[in-house]
Structures are given as structure tokens and as C-alpha cells.
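# Fold and contact review
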Amino acid sequence: MTASASTRVGFIGLGNMGSGMTRNLQKAGFPLIVHDIRRESAAELLANGAAWADTPAQVAAESDVVITMLPTPRHVDMVVNGDNGILSGIADGGTWIDMSTSVPDVAAAVRARHAHRGLRILDAPVSGMSVGAANGTLQIFVGGDADDLARVRPVLEAMGDPERILHVGAAGTGYAVKLMINQLWFSHLVATAEVLAVGVKAGVDLEVLRQSLMASPANSNFLENDVLSILDHGDYDEGFAIALACKDLGLSIDLARSVGVPTELSALVEQIYRRAKAQYGDTAGEMTPVKLYEDLAGIPLRRATNS
Ligand code: NAD
């Protein structure tokens, strides 16, 4: 069955990302059934016609496609395999899409143990921050069977940019692509924070330094775009908590370990992130390591013209 406007979509995990994603599914007209351990997170969806389920099993039993958008692999495992988990409610041949930033282990174990049930399982993690979730412009990296993706594409298109919903390979590759994107972006962030702090401390005007770097082979998307929320507004993006960023960096290193590739740089970036988390708290924004360098240098990195 190819998804259509009557496809019942179940959604578990209504946090910074899930709240925007479900709002867009609702706007696109999909009947929604939702669950979260914080029932209050569903208030607006329920007011707009979504149905509430008390357990993940009930979500799965009452929907055609179940989506999870949860913090860590441990949460995904609990919601899928736990008491009243998805596996207790999903019909044979049913579809589960995990959009969390995670690792393949949970889905791989489900595939192995429940092979006889013909479940269709996709990993489809996203990029684009909570603002992309709210605007329906997420980039989605899908691992799994291409025909299964084709069937659920209309559901994903309600949450993401249709041009940037990419089939990246077999099961598990969506998670791997997402982890590598975050690893590189966090590495860009730390490297950029270091050079901006040093250059400004050495007497270069912040914007002159940034423009010089942008005009050089050292340019990056982070330098050109993402860093501006800090330089202009002192906003370190609390829409993505540093505790989750540390989780992603840990998973990235786990992945590197599992495939046997040494990643000294990634390990160092993870340590710097953990230092920032220890210093500023779990709920600080994902870009807080920049603040670590601002504090070390004793210089806030702010553009004079726009602050
Ligand atoms: P979040 O912490 O804001 O939301 C997670 C939600 O899951 C919360 O509402 C929480 O109550 C719920 N939850 C936790 N355990 C549950 C359980 N057992 N049963 C039901 N609900 C449960 O996290 P987020 O920022 O929305 O991130 C979700 C996933 O998306 C993470 O894997 C994260 O790495 C990834 N991600 C986040 C961003 C971002 O910018 N926030 C961007 C891309 C990817």
C-alpha cells in the first residue's frame, strides 16, 4: 500500500523535533495518533484533532505507519521492545520508521528476531534543526528497502524537503550518514571557535577575520551561516540540547570502533563537547562549545554591527 492522505500515522516522541514534525503531518491531512511520556506535549495536536494513545503498542495497533523520534537508542529500544512496546501492537507486515539519530542495533535485532512477521523497517534520521522540523524543510537520510521508502514517501514529504529525502543505502546507512554529518559539523564548530577566539584575541576584527576565512580555502557552511546565530544573537541553539549532541558524538565513535577505523580527531571533539556539557549543563545549546572558547579567551564573539 502506498501512503495517501488516509494513511494513519502513529508518532512517538513529541519533543523539540517531533512537535514540529507532527504539526506538519497534521497540516498535510494525515490522521495522527500520538504518544509521549509527557502527555502535555500533545495538547495542541489533540486540540487539532489528533488521537492520543496511552502506549506505543496502541499507537502501532491503530496506525498504518509508526514513526519514532526519540532521544537515544536506549529510548528507542524501550519503546519498541518494552512492555506495551511497538512490537506488541504492530500488525504483521506493518511499517516502523525510526527518525531518531541512533544506531542500527535495535532495528537489526528486531529484523532478526521477527523475520517471520514481514515488518517493513526504515531508518530515516534527519538534519535541519528544530527550525527545519517546524518549517517542514528537514533533510531525511533513509536506509532500508527502496520500495518501502517509495511507499511511505508522501508521509516523509510532509515533514521534509522532497528534493532532500535521500535513499542512502541498505538498512542502517541512514543512521551512519546522519552520525557522520553531525561528527563533521561539530568538528567544524570546534575548529571555527578555536580560530575565531585566537584571531580576535590577536587583534583582528571578528567580521574581518570571518570574511577573510570565507574568502579562503578554509571556508565552511558553519562559518558562512550557522555561526551567525551566535555572532548576532548570542544564540547557541537550545532547540538541540548539548546532552543529545554528546550522545551523537558518542554514537559516532561507537560506529567508528565497530568498523575498526581509528578516529583521534572525533574523540577529541567529543571530549570538548563533554567539557562544555559539564560546564554549562545538559540543556545548554548544541553550539555551546563556542562559548567555552569565548570564556577561555575572555572575549565574547559578537559582530559589532548587528548585535
Ligand atoms: P527531545 O528530548 O526534545 O524530545 C524527545 C521526546 O521523546 C520528548 O518529548 C520525550 O518526552 C519523549 N520520550 C522520551 N522517552 C520516551 C518514551 N519512553 N516514550 C515516549 N516518549 C518518550 O529531543 P529532540 O531534540 O526532539 O530529538 C529527538 C531525536 O532527533 C534525537 O535522536 C536527536 O538526536 C535527533 N535530532 C535532533 C535535532 C534537533 O535540532 N533537536 C536535529 C536532528 C536530529
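Everything here concerns the structure above.
What this report covers is the structure whose coordinates are included nearby. (Residues numbered from 1 in each chain as written. Predicted model: local features only at pLDDT ≥ 70, side-chain atom pairs only at ≥ 80, totals over all residues. Heavy atoms only, no water.)

Below, the discussion takes up unusual backbone geometry. At Met 129, a position not held by glycine, the phi torsion is positive, near 65°. Among the secondary structure elements, Met 129 is positioned in helix 7 (residues 129-135). Phi at Asp 237 takes a positive value of approximately 65°, unusual for a residue other than glycine. Tracing the backbone through its elements, the reader meets Asp 237 in the loop between helix 12 (228-233) and helix 13 (242-259). Residue classification places Asp 237 among the buried positions, given a relative accessible area of 12%. (Helix = DSSP H or I, 4+ residues; strand = E, 2+ residues; numbered from the N terminus. Buried < 20%, exposed > 50% of the residue type's maximum accessible area, 1.4 Å probe, protein only.)

Around the ligand there are 26 residues in total, and Asn 16, Met 17, Asp 36, Arg 38 and Gly 239 lie nearest to it. Relative to its free-state accessible area of 840 Å², the ligand is covered by the protein chains to the extent of 90%. Secondary structure elements with two or more residues in the shell around the ligand: helix 1 (16-27), helix 4 (73-81), helix 7 and helix 13. For the shell around the ligand, the leading source of residues is helix 13, giving 3 residues. Across the shell around the ligand, the residue classes break down as 12 nonpolar, 9 polar and 5 charged. (Near = heavy atom within 4 Å. Areas by Shrake-Rupley, 256 points an atom, 1.4 Å probe, with all protein chains shown as cover. Nonpolar A, V, L, I, M, F, W, Y, C, P; charged D, E, K, R; others polar.)

The next subject is the pairing of strand 9 (residues 160-169). With 5 bridges joining them, strand 8 (residues 138-143) and strand 9 adopt parallel strand pairing. Across the sheet, residue Leu 138 finds its bridge partner in strand 9, namely Gly 160. With helix 8 (residues 146-157) bridging strand 8 and the parallel strand 9, this β-α-β connection has right-handed handedness. (Pairing = 2+ DSSP bridges. Right-handed = clockwise from strand over helix to strand, strands pointing away.)

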